[in-house]
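# Observations on chain architecture
Take a look at the letters that make up each chain.
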Amino acid sequence: MLSSAKCWAGDLVSAFPKHLLAMDDLDAGAIGEVLRVTDSFAEVGRRANPKVPTLRGRTVATLFFEDSTRTRMSFETAAKRMSADVLSFAAGSSAVKKGESLRDTIETIQAIGMDAVIIRHRSSGVPARVASWVEGCAVINAGDGWHQHPTQALLDLYTVRQSLGGGDEGLARFAGLRVTIVGDIRHSRVARSQITAYAALGADVTLVAPSTLLPPSLEGWPVASVSHDLDKVLATSDVVSLLRLQAERGSGEYVPTMREYTAGYALTARRALELPPEAVILHPGPMIRGVEIASEVAELPSARITDQVGNGVAVRMAVLFLLLGQPASLEHMSEPPDSEPIGGPAPEGGPRG
Amino acid sequence: MADPGTGRMSPTAPMELLVRGGTVVDRTGSRRSDVRVVEGTVVEVAEGLEAAPGATVLDAGGCVVSPGFVDLHTHLREPGREEAETIDSGTRAAALGGFTAVVAMPNTEPALDSAESVRNVHALAQGAMAHVAVAGAITVGRAGERLAPMAELAALGVRIFTDDGDGVQSAGLMRRALQYAMDLDVTLAQHCEDKSLSGGGVMHEGAWSSRLGLPGQPSEAEEVMVARDIALARATGGRVHFLHLSTAGSVELVRRARAEGVPVTAEVAPHHFTLTDACACGFDPVFKVNPPLRTDADVAAVKAALADGTADAIATDHAPHAPELKDLPFDEAPPGMLGLQTALALAVTELALPIEHIVALLSWQPAAIARLDGASGGTQGGDVAPGRPANLAVVDPVATWVVDPAALASRSRNTPYGGRTLTGQVRHTVLMGEPVVIDAEAQR
């Protein structure tokens, strides 16, 4: 029988992969590497001139077939801060709209010459297909269908690691960390990436959702438990990660009404009080206040939603660096000669600037 | 009434053909025999036949000589999708796969739901490299709303009706179609898929679809319609043929219905006993079919169905698609894969069945379902015996070959087996006395 077992998780990579298509591409060592490199780029981001020549002469394309504001801006900012040339293909304005096939679009882009393409598509698997078509070009999945959104999971990990004290010590504290993911897991690429990511670092993941919003099968998922009662798991949640509920899911097909969903699964102010004092609240955005998260909960100090967005740029710089920055060191992070000299590279050093 | 199974000797057939050195396998058993064919008809089946001067001799040493294969499930795409396949290219692929007859599915553009459209295909199929038996649509435009003029089509020789690509969603309409079909002595072939369960699903719903974030079709989407149609066949006495059974649950339903004597038959497609839903892991739409590739347990169940007689036939569901359509994202690409040229080899490679059983599943059993066999007045299936039309497949059951998508006769290239080494090769195919394939090469 033909089967393609190598796609299953557990076939872990030793070196950093050629593409970032799914969290399964990264083992715990590679995740740690991303987070450590992110520290360095976060430091760059705090400089008066947050730009380094690391990717000078390299060309990065963003190819967004599905609307996105924050992810696209985050990736483009990351690439520009590394001095890459950034080309931006929006499906709405390109030949795609005229009926050009995906493959032709990719071949055109490859003919122009790209070092990396960052793809978002409404269909699961498009980045993987593109990766099978291109040569000498890294493919980064910026969200595909219900499948994966690996950089979102990485920035969640980075944000949680900060709240755990940062550095390798913070990383070590993921072991046994109780992570609760709440909401529409069935249709969520963020959840699929998060679950793999947290589990890779040794966290215990609990899923909370009505059965209609869980995947049809959790066979093989690295999940410690599943609950349909949010109130029962709050007291034992070190991290609560909320997922967006799209309005059409709450119109009677998956859950009867949005109101009923909110009553059972929203993180309300009352529920937030049940969390342990050090608990972290995350939301990948865009959040619908009043549906999955109460407005006042989103404003709590324990809610790190704005940090998530801020960390996104540094995490994506780290991913671009690890995929493209061939010299396997951070030497290229020095200031461009023509820029204001503020500080040098500081992979191990403290904050500068 | 025109009978689609009654053909004439091919005008290009040699006066005399001798198939020498093989083992003849048919319903009556197997025996070492040569087969002499004169003017398209088998005249002698015996050992040690001498070739007459000028006769064409086909070497069948080490081979099985079977009645020609009959595919119950071929999408020839003409009219409407000639860029994907034509009757000419599709029947060439059929001949290379050992098929001397194919049942052409009616989901062409336009659908084969009228006498005119059926006559058109009959005309286009004149001189094709395999006999083309048309399946008519059950409902007008395959829309599932009102019955197609089945009597008019039956008068043109149509013996099977199906809305394949879709199942008839309305139980009430299916019941009426079965009652009407009984009057005409025709069979309804069902693509079992309850759309309220499968809607939007692009692969099997299970561990892999959950992991890959692709919407799935649960097994129940197939099984509820199998169960429904068994109930309707039992109630009406009308014959239902189940197309491409793919789940363990469907197999069990059919097994019990047959034990009970309900008039149902079933086919299994080669990909459903060869591939699983794990193949979707790279998101390559070449692995997208409908019904979808299922699990290991389902593969085991359909193999058991073929072994124990629950399933009567291996049918290809040969479904060509132009390359640009298979370069679409997985959820947008059309379902279907090529099947005609790999069916025999996949059966030999994947099924632990004797070759006699495999040729039964490919030849006289499907011929009987399609009413193309001798008992129905047709030219297909049946025995390799004096007086029968010479439709033969000569198969080397131990030869190995590597699937080269570019070398296939189809206009399309959507085979998932490229590069795979298979055991079992169709060596020669004889259509109404004409050797249309010799040594695995098409002769026209």
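None of the values given here were measured: they were computed from a predicted structure. (Residues numbered from 1 in each chain as written. Chains lettered and ligands numbered in written order. Predicted model: local features only at pLDDT ≥ 70, side-chain atom pairs only at ≥ 80, totals over all residues. Heavy atoms only, no water.)

## Describing the overall build of chain B
Condition: For the purposes of this entry, the term helix denotes a DSSP run of H or I that reaches at least four residues, the term strand denotes a run of E that reaches at least two, and both are numbered from the N terminus. C-alpha atoms define the radius of gyration in this analysis, and the globule rule sets the expected value at 2.2 Å times the number of residues to the power 0.38. Contacts are assigned to residue pairs with any non-hydrogen atoms lying within 4.5 Å of each other. Note that accessible areas follow from Shrake-Rupley with a 1.4 Å probe, and for residues the cover is restricted to the protein chains shown. In this tally, Lys and Arg are treated as positive and Asp and Glu as negative; His is ignored, and so are the chain termini. To locate a charge, the coordinates of NZ of Lys, CZ of Arg, CG of Asp or CD of Glu are taken.
Scanning chain B for helices and strands turns up 14 helices and 19 strands. Here chain B has a C-alpha radius of gyration of 20 Å; the compact-globule value for 444 residues is 22 Å, and the two agree. For the C-alpha atoms alone, the extent of chain B along its principal axes is close to 65 × 45 × 40 Å. For chain B, restricting intrachain contacts to residue pairs at least 6 apart in sequence, the fraction spanning at least 24 positions comes to 74%. Of the roughly 14200 Å² that chain B leaves accessible, carbon and sulfur atoms contribute 51%. Looking at chain B, you have 34 positive and 55 negative side-chain charges, and the mean spots of the two groups are 3 Å apart.

## Describing the domain arrangement of chain A
Often, the extent of an interface is quoted as the loss of accessible area upon association of its parts. All names here are of chain A. The condition is simple: Domain extents, as shown, originate in an automatic or database domain assignment. Accessible area that two parts lose when put together, with a 1.4 Å probe and added across both, is what the buried area reports. Salt bridge, as used here, is a side-chain nitrogen of Lys or Arg placed within 4 Å of a carboxyl oxygen of Asp or Glu. A 3.5 Å cut-off defines polar contacts: any pair of N or O atoms within that distance qualifies, except that in protein one atom must be a possible hydrogen donor and the other a possible acceptor, and neighbouring residues in sequence count only when both atoms are side-chain atoms.
Its domain assignment divides chain A into domain 1 (15–149 + 310–333) and domain 2 (150–306). In this structure, domain 1 and domain 2 have C-alpha centres spaced 25 Å apart. In this complex, domain 1 contributes 35 residues to the contact, which on the side of domain 2 involves 29 residues. Around 2500 Å² of area is buried between domain 1 and domain 2 when both sides are counted, 61% of it from carbon and sulfur atoms. Our count for the contact surface shared by domain 1 and domain 2 stands at three salt bridges. In this structure, the salt-bridge partner of Arg 161 is Asp 39, at a minimum N-O distance of 2.6 Å. Joining domain 1 to domain 2, the criterion identifies 16 residue pairs in polar contact (both at pLDDT 80 or more).

## Quick notes on the pairing of strand E5 (residues 178–182) of chain A
Residue and element names in this part refer to chain A. The line we're drawing: Only protein chains enter the accessibility calculation, which uses a 1.4 Å probe; a residue is then buried when its area is under 20% of its type maximum, exposed when over 50%, and partly exposed in between. One bridge is not enough; two strands pair if DSSP finds at least two bridges between them. Whether a crossover is right-handed depends on one test, that the path from the first strand over the helix to the second runs clockwise when the strands point away from the viewer.
Most of E5 is tucked away, with four of its five residues classed as buried. Here E5 pairs with strand E6 (residues 204–208) via five bridges, running parallel. Directly across from Arg 178, in E6, lies its bridge partner Asp 204. As a crossover connection, the stretch from E5 through helix H7 (residues 189–200) into E6 is right-handed.

## Some points on the side chain of His 204 of chain B
Residues and elements named next belong to chain B. Within the secondary structure layout, His 204 lies in strand E11 (residues 203–204). A distance of 3.0 Å separates a polar atom in the side chain of His 204 from a polar atom in the side chain of Arg 294. Those residues in contact with His 204, other than ones at most four positions away along the chain, are Ser 209, Gly 216, Gln 217, Ser 219, Asp 277, Pro 292, Leu 293, Arg 294, Thr 295 and Asp 298.

## Section: helix H1 (residues 28–45) of chain A
Think of an α-helix as 3.6 residues a turn; residues three or four steps apart then line up on the same face. Residue and element names in this part refer to chain A. To be explicit about the condition: To estimate how far a helix should extend, the number of its residues minus one is multiplied by 1.5 Å.
Taking 1.5 Å of rise per residue, the 18 residues of H1 would be expected to cover 26 Å, and the 25 Å separating its terminal C-alpha atoms lies within 8% of that figure. Looking at H1, one finds that the buried residues are Ala 30, Ile 31, Gly 32, Val 34, Leu 35, Val 37, Thr 38, Ser 40, Phe 41, Ala 42, Glu 43 and Val 44. Against helix H5 (150–163), helix H6 (167–172), H7 and helix H12 (305–324) lie the buried residues of H1.

## What to know about the pattern of salt bridges
Residues and elements named next belong to chain B. Taken as a whole, this structure holds 45 salt bridges over all chains when the rule is applied. The residue Asp 312 makes a salt bridge to Arg 258 at a minimum N-O spacing of 2.6 Å. Here the residue Asp 312 occupies a position in the loop between helix H10 (296–308) and strand E15 (313–314), and Arg 258 occupies one in helix H8 (residues 248–260), the gap between them amounting to 54 residues. The partly exposed category is assigned to Arg 258, whose relative accessible area is 28%. Bridged by salt links that share partners, the residues Glu 252, Arg 255, Arg 256 and Asp 308 form one connected network.

## A short note on the domain arrangement of chain B
Residues and elements named next belong to chain B. For chain B, the assigned domains read domain 1 (16–64 + 386–442) and domain 2 (67–376). A straight line from the C-alpha centre of domain 1 to that of domain 2 covers 26 Å. Contacts between the two partners involve 37 residues from domain 1 and, on the opposite side, 50 residues from domain 2. When the two sides are added together, the surface that domain 1 and domain 2 hide from each other amounts to roughly 3300 Å², 68% of it contributed by carbon and sulfur. The largest share of the area that domain 1 buries against domain 2 comes from Arg 411, Asn 414 and Tyr 417, three residues that together contribute 20% of it. On the surface where domain 1 and domain 2 come into contact, there are one salt bridge. Arg 420 is the salt-bridge partner of Glu 350, the closest N and O atoms lying 2.7 Å from each other. Where domain 1 meets domain 2, there are 14 residue pairs in polar contact (both at pLDDT 80 or more). Elements with a minimum of two residues in the side of domain 1 that touches domain 2: strand E1 (16–26), strand E16 (392–402), strand E17 (421–431), strand E18 (434–438) and strand E19 (441–442). Per-element accounting of the side of domain 1 that touches domain 2 gives the leading share, eight residues, to E17.

## A short note on helix H7 (residues 219–236) of chain B
All names here are of chain B. Between its terminal C-alpha atoms H7 stretches 26 Å, which fits the 26 Å expected from 18 residues at 1.5 Å a residue. Within the span of H7, buried status applies to Ser 219, Ala 221, Glu 222, Glu 223, Met 225, Val 226, Arg 228, Asp 229, Ile 230, Leu 232, Ala 233 and Thr 236. Gly 237 occupies a position one or two residues after H7 and carries a positive phi of about 80°.

## Thoughts on the interface of chain B and chain A
Quick note on the threshold: Residue polarity follows a fixed list, in which Ala, Val, Leu, Ile, Met, Phe, Trp, Tyr, Cys and Pro are nonpolar, Asp, Glu, Lys and Arg are charged, and the others, Gly among them, are polar.
Contacts between the two partners involve 31 residues from chain B and, on the opposite side, 29 residues from chain A. Both faces considered, chain B and chain A share a buried interface measuring about 2500 Å² in area, 59% of it formed by carbon and sulfur atoms. Taken as a group, Ser 210, Arg 211 and Asp 327 of chain B account for 27% of the area that chain B buries against chain A, more than any other trio of residues on that side. With a closest N to O distance of 2.9 Å, Arg 122 of chain A and Glu 332 of chain B form a salt bridge. For the pair chain B and chain A, the number of links is seven residue pairs in polar contact (both at pLDDT 80 or more). If you list the elements that add at least two residues to the side of chain B that touches chain A, you get helix H6 (207–212) and H10 of chain B. Ranked by the residues each element gives to the side of chain B that touches chain A, the list is headed by H6 of chain B, at five residues. Taken together, the residues of the side of chain B that touches chain A sort by class into 15 nonpolar, six polar and 10 charged.

## Things to note about the sheet that holds E6 of chain A
All names here are of chain A. Rule in force here: Whenever a helix is involved, its axis is fitted only over the stretch in contact; in every case the axis is a line through C-alpha atoms, and angles between N-to-C directions fall within 0 to 180 degrees.
Strand order in the open sheet made by the five strands is E7-E6-E5-E8-E9, with parallel pairing throughout. Looking along the sheet, the strands with just one partner apiece sit at the ends: strand E7 (225–227) and strand E9 (280–282). Neighbour-to-neighbour, the strand axes of the sheet open up by a mean angle of 20°, direction not taken into account. Note: strand E8 (residues 239–242) against E9, three bridges, orientation parallel. By the bridge assignment for E9, Val 240 is matched with Ile 281.

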